[in-house]
Each structure stands twice: as C-alpha cells, then as structure tokens.
Amino acid sequence: RRGPGRKGAFLLAHPLPASSGSVPGEAEQPEPELVEVEVGHTALLKCGLSHAQGNLSHVDWFSVHKEKRMLIFRVRQGQGQSEPGEYHNRLSLQDKGTTLVLTGITPHDDRIFTCQGKRRAQEHRIRLRVYKAPEEPSIQVNTLGISVNSKEPVEVATCVGRNGYPVPQVTWYKNGQSLKEEKNRVHIQSSQTEESSGLFTLRSVLQAQVSKEDKDLSYRLPSGNHMKESKEVTVPVFYPAERVWLEVEPEGMLKEGDRVEIRCLADGNPQPHFSIIKQNLNTREMEEERTDDNGVLGDQAGARGNPTRPVLPDPTAAPPDVSDVRVSPAAPESQEGSSLTLNCEAESNQDLQFQWLREKTGKLLAKGQVLQLHSLKREEGGGYRCLASVPSVPGLNRSQLVNVAIFGPPWMASREKKMWVKENSELNLSCEASGHPRPSIVWSVHGTASEQDQEPQNVLSVLNVLVTPELLETGAECVASNSLGRNTTIIFLELVHFMSSTPDSNRTTNLSTSTISPPARANGTSTEKKLTEPESKGVVIVAVTVCVLVLALLGAVLYFFYKKGKLPCGRSGKQEITLPPSRKSEFVVEVKSDKLPEEMGLLQGSSGDKRAPGDQGEKYIDLRH
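In this text, all values refer to a predicted model and were calculated from it rather than measured experimentally. (Residues numbered from 1 in each chain as written. Predicted model: local features only at pLDDT ≥ 70, side-chain atom pairs only at ≥ 80, totals over all residues. Heavy atoms only, no water.)

Draft legend 1. Region of interest: the environment of Gly-383. Inspection of the secondary structure puts Gly-383 in strand E34 (residues 382-389). Its relative accessible area of 5% is what places Gly-383 among the buried residues. The spacing of Gly-383 and Arg-358 is 25 residues in sequence and 6.5 Å in space, taken between C-alpha atoms. For Gly-383, the contacting residues outside a window of four places in its chain are Arg-358, Glu-359, Leu-401, Val-402, Asn-403 and Glu-455. (Helix = DSSP H or I, 4+ residues; strand = E, 2+ residues; numbered from the N terminus. Buried < 20%, exposed > 50% of the residue type's maximum accessible area, 1.4 Å probe, protein only. Contact = heavy atoms within 4.5 Å.)

Draft legend 2. How the structure looks around the sheet that holds strand E13 (residues 154-164). Spatially, E11-E13-E18-E17 is the arrangement adopted by the four strands of the open sheet, whose pairing is antiparallel. Of all strands in the sheet, those bounded by a partner on one side alone are strand E11 (138-141) and strand E17 (186-194). Between one strand and the next, the sheet's axes are offset by a mean angle of 15°, whatever the strand orientation. Summarising the sheet, E13 and strand E18 (residues 200-208) pair through eight bridges and their orientation is antiparallel. Bridged to Gly-161 within E18 is Leu-202. (Pairing = 2+ DSSP bridges. Axes fitted to C-alpha atoms, helices over the stretch in contact; angles between N-to-C directions.)

Draft legend 3. Seen up close, the pattern of salt bridges. Taken as a whole, this structure holds 15 salt bridges when the rule is applied. Between Glu-36 and Arg-129 there is a salt bridge, and its shortest N-O distance comes to 3.9 Å. Here Glu-36 is found in strand E2 (residues 33-38), whereas its partner Arg-129 is found in strand E10 (residues 123-131), with 93 residues between them in sequence. With relative accessibility at 41%, the residue Glu-36 sits in the partly exposed group. For Arg-263, the salt bridge identified is with Glu-261, shortest N-O distance 3.5 Å. What emerges from the salt-bridge pattern is a single network uniting Asp-324, Arg-326, Glu-345 and Glu-347. (Salt bridge = Lys/Arg side-chain N within 4 Å of Asp/Glu carboxyl O.)

Draft legend 4. Layout of the UniProt feature "transmembrane region" (unreviewed entry) in the chain. Residues given the UniProt feature "transmembrane region" (unreviewed entry) here are residues 539-562. Annotated as 100% helix and 0% strand, the span residues 539-562 places its first and last C-alpha atoms 35 Å apart. (UniProt positions renumbered as here; feature names shortened; annotations may be inferred.)

Draft legend 5. Layout of the packing of aromatic side chains. Inspection of every chain in the model, using the stated rule, returns three aromatic pairs. Between Tyr-165 and Phe-200, the ring centres sit 6.0 Å apart and the planes meet at 20°, which makes this aromatic pair stacked. Here Phe-200 lies in strand E18 and Tyr-165 lies in the loop between E13 and strand E14 (169-171), a separation of 35 residues in the sequence. Given the relative accessible area of 12%, Phe-200 is considered buried. With 5.7 Å between their ring centres and 65° between their planes, Phe-560 and Phe-561 make a pair best called edge-to-face. Residue Phe-560 is classed as partly exposed on the basis of its relative accessible area of 38%. Residue Phe-561 is classed as buried on the basis of its relative accessible area, which comes to 10%. Taking the ring centre of Phe-62 as reference, the NZ or CZ of Arg-69 above it sits at 4.5 Å. (Phe/Tyr/Trp six-rings, centres within 6.5 Å; stacked < 30°, edge-to-face > 60°. Lys NZ or Arg CZ within 6 Å of the ring centre and 35° of its normal.)

Draft legend 6. Expanded view of a nonpolar patch on the surface. Nonpolar side chains collect at one region of the surface, where Val-540, Val-544 and Val-548 lie side by side and expose about 260 Å² of accessible area between them. Relative to the helices and strands, Val-548 resides in helix H2 (residues 533-564). (Patch = residues over 30% accessible without salt bridge, like charges linked within 9 Å, V, L, I, M, F, W, Y side chains within 5 Å. Areas by Shrake-Rupley, 256 points an atom, 1.4 Å probe, with all protein chains shown as cover.)

Below, the structure is given as structure tokens:
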C-alpha cells in the first residue's frame, strides 16, 4: 500500500483476523460471504440459499455474536417482521425479500449473520466486517530537544489516533523508512482505549537514540486505504559545533560607506553565541565585536577605522577607489565657431568608465575620456562634468567640473524691458549679461546694487530703487562691458493707476508690479514682454472710463443747446449758432437724421419746402469763432 520515499507513520484501520463464528461441535462449514461496511452507512445482506429462485417466502435471519444465535427477523409469504431487540426498527426487505437491509451500522454490528430457509439444514452465512478510519492523528514532538550524547533511547514523539475501528495499528516512519523495534536504539510503546461508541483511541510513544545526522529527519503518519495522515514534524537534535565559518553580504567589491553584514556560522545545534575579532588599523590591536542573536555583525565599510580589506575576496588586495579626477585643459577657452577638445583622467586600482555630462541639464554627451566640441556657439559655454566610475562596484564614482568660456563682448538677456510700477514704492530692477572675459555691469540711476551667483561667464545684477517722478520720466539703463565691447538694456517704467472695481465698493483694484522676466536668449534681439493679466485689465478699465466720460460730456452740451432753443430741429439746411466770443470753438457738430428718404419726402410735402437733390435731412451746427 506504500510507494517508495513515503515519510512518517500511519494508523491502519483494517481489522485483525477474526473467527468465522462457527459453533463448536458442528461440521466444518464453508467460509462466510464477506461484506465490509463503514460505520454509519447501510449494509445489504443478500440471502444466497441454493433453492431460492429469486423469491424467498419462508426465511429466518439470525445474528451470531460470541457463539450465541439470536433470531432478529422473519420472512413469511414475502412479508418481513422484526423481532424485539437491538435490531428492531433497523431492518427491512429489498429485492422481493431476497435482501435484508440493515441501517445505521455501528461497531457492535461487526459479527456473522445467517439466513435459514424452511428446511433448517440449509442456511447462508454472511460475515459483516465494520470499519472506521480514525480521525487525523495528532503527533507531538519533544520540544525540549534531544542530545546526541544520550546513551539510552529518549522520547522522540507521541502519536494519538482517535475514534477508529477496529483497533488501529501504528507504524512509525522516519524519512520514508519504517521504524521497527531495535534493542537500545528504537522502542515503540502503544496503548488503546475503547470509547462508549465502540470506537478505539490509540496512543503510541516513539523512543529512540538520535545522532547528528537526524537533525533534518521528519516523522509523520501517512494516509492510505482506511488510514489517516498526520502532519510532518521535525525533531530538534542538539549537538556541539565542529566547524565555524564567516559569510559576508553583499559579495564582491565594496566601497567606503557601503553597508556590510558579516555573519558568523557554525554547524552545531543550537547555534552558539558569536564574537568577531578584528584589527584596528590605527592601533594595530585586536578588538572584539559582539554579534546579534543570529551571529550577524552589521557595519559600514571603512567606519570607525574598520578596514574594508578583510571582507574582500582577496584579503591582500587594496579596497577599490577612484581619486584625482582631472580635466585638461583646466580652464578651457575658445573663439565662437571653433573647436575644442577636453580630456579626462583619474586614478584607480580598478578598471574605470568615463562619461561626459552637461552640468546645466545633466544630459549625457559622450562616453570615454575625450569630449570633442565642434563649431562652438555662445550658448555652448558653461559647465561640463567628467564622471569616472568603477563598473564592478555600483555607486563608486568621482567627478570633476570644468567651465568652457567662449570669447565675445557682453551678451544681454534682453535689450528692452517695460515695467508697471507704483509711485513712491521700492522696486528691484534686474539686468543679466554674459560674455568672456566676464563682463561688469553699471547702472544709469542711483540705488543699491547686488550681484547673484551665476556661472563664471554670467553676471546678474539687481538694483533696488525708489520710484520717483524723475525715475518715471527717465527710466533706467544698465551697461555691461568687457575688453571686447559693451552692451545695454533699457528699462521703461509706466505708472499704474488705481480705481474702484465696482461703484459701491470701497476696495480698490491694486495692480501688482512685477519685474518682466528675461526672454529666451537671442544675441542682439530686442524683445518686449506682454503685460501681466492684472496690468492688462487695468488699462482696459481706464480706457472704458475715459470713453464714458467723453460721451457724457458731449450729451450734456447738446442737451444744453437744445433747452436754450439754439438747436433747431425739423428744418432743412444748415443753421449757424452765434455764441459769445468766449464760447466759440473751431469744431462742427453734425447731426444726421435716421429717417429714410421716402419719409423725408412726405415731410417735405406737408411743409411745402423743397430739398435739393442728395439732401438726406442732415442737420449741422457750425460752431465758429
């Protein structure tokens, strides 16, 4: 029932050989028919009398237990009747009376049943064998552990199998091999208990001597036909260490600052407490370091004077390092349109990899020690970084920055700026220029000037000034100059007006002042930024207000003349209005009628006046000196 390689021990629920149930003194009878039924199920007992032609009209059924026969069921004319006793109400007929049905099988039904015809000499015997696989057995290991130094068998584990029938049998397995009694080596002690239900509970204790090789062995109770399998358990076996060694993580090359774990291991069980001894490079003395419970010492390579050398594959090798990164030429200069070559070198005891990066953007430009720059433009001036790294040690690298200077006169970020300001407020004016040699900046107005950190060829000057009427009139100018020339940026200042945002609101719309940020660089290109959103809204409000006031004034003048009677209506031609000398002006107000020519003609007929061709009824007021 077991294949090779199975582990553990099992409980076997097959019954032991039983007697045939024959009565002493009787003639030898053939073996009874065997019927196996599990506890709780139904047994079908078929009467096999030779003279029965498929229909038994007169049959008696008996149970035989402990050599005692007891009538339990009668069949007369195909009708069945149970006898009083333990089988009452559990028996019935099936298949036209040839089969007796017994329900609710229990362990007490494990016996012989006979059917006897009208002729008592003829009977058929049935051996009803009842079984029940035990529940999943529990196996408890000796948690205290077993020492290999014990001279006698020690308790290894205990197995308990409950509610099995018949009495379960236990076989212990160790790594797939069955264990048998062996003097002074293996001893198995079993005991059984019968429950009130007729089922059995078995307890088995395994005692054995163990060795160092048993530390990984497992014990279990396998499953099978009418068997139940237990969980696998491993027995802790204690033995002294015979070998000690070190492990280092991570493996391979290390760099200063890396996190290193040094693990001390031994082949003993349980693992002993460890101490790691190392040499202090400064004092040359040996120092003891305590590990944690797992034998691990965590440290940083190179920390507290701890050398990285002992954790390298080759203890005599120096730790990997990169130093003395150099770029030549150290201060590169070139004319616009020409070419430039940069070389990078570094010191290391490992193979190096070189990369060139643009400092401003971090963009990778080239791989290798040499960087070639062709047809240089002014925009290509600035920082370039050479990165030297050790491919075998990730993260181990050094770099060197070099600034490339392109000869040329000052180059302004913008030629002109316009700023919206508020009178009597402080304002920061900014001016940015670049060039080689590095330019200097002066301002045409007085204030507090300061320079902010930029690249070696760039200058950003900020001037703090007070907005005065004179400054509003003249504006400001910054001049950048070097030995190759000069250039300027002009800043225009416009005054911001404040007005109410709504007629009944006491709050005013405060148009913020801001410095116009420099546009993208374009050498010699004049650019002017659009107004910011609050400034644009302020200009629109001012324009609309002015237009409304002008229209209101014009309407008031016309209404005034109309009331005085000096603005005739309904007459053709032009009429001159005589004004006092002080009120005369040199402008003419023209009033056009919105009536169609046909309507004007009807009006003409009613008044009797005639119009000249082309006269559309315009009215003119000639205001002259």
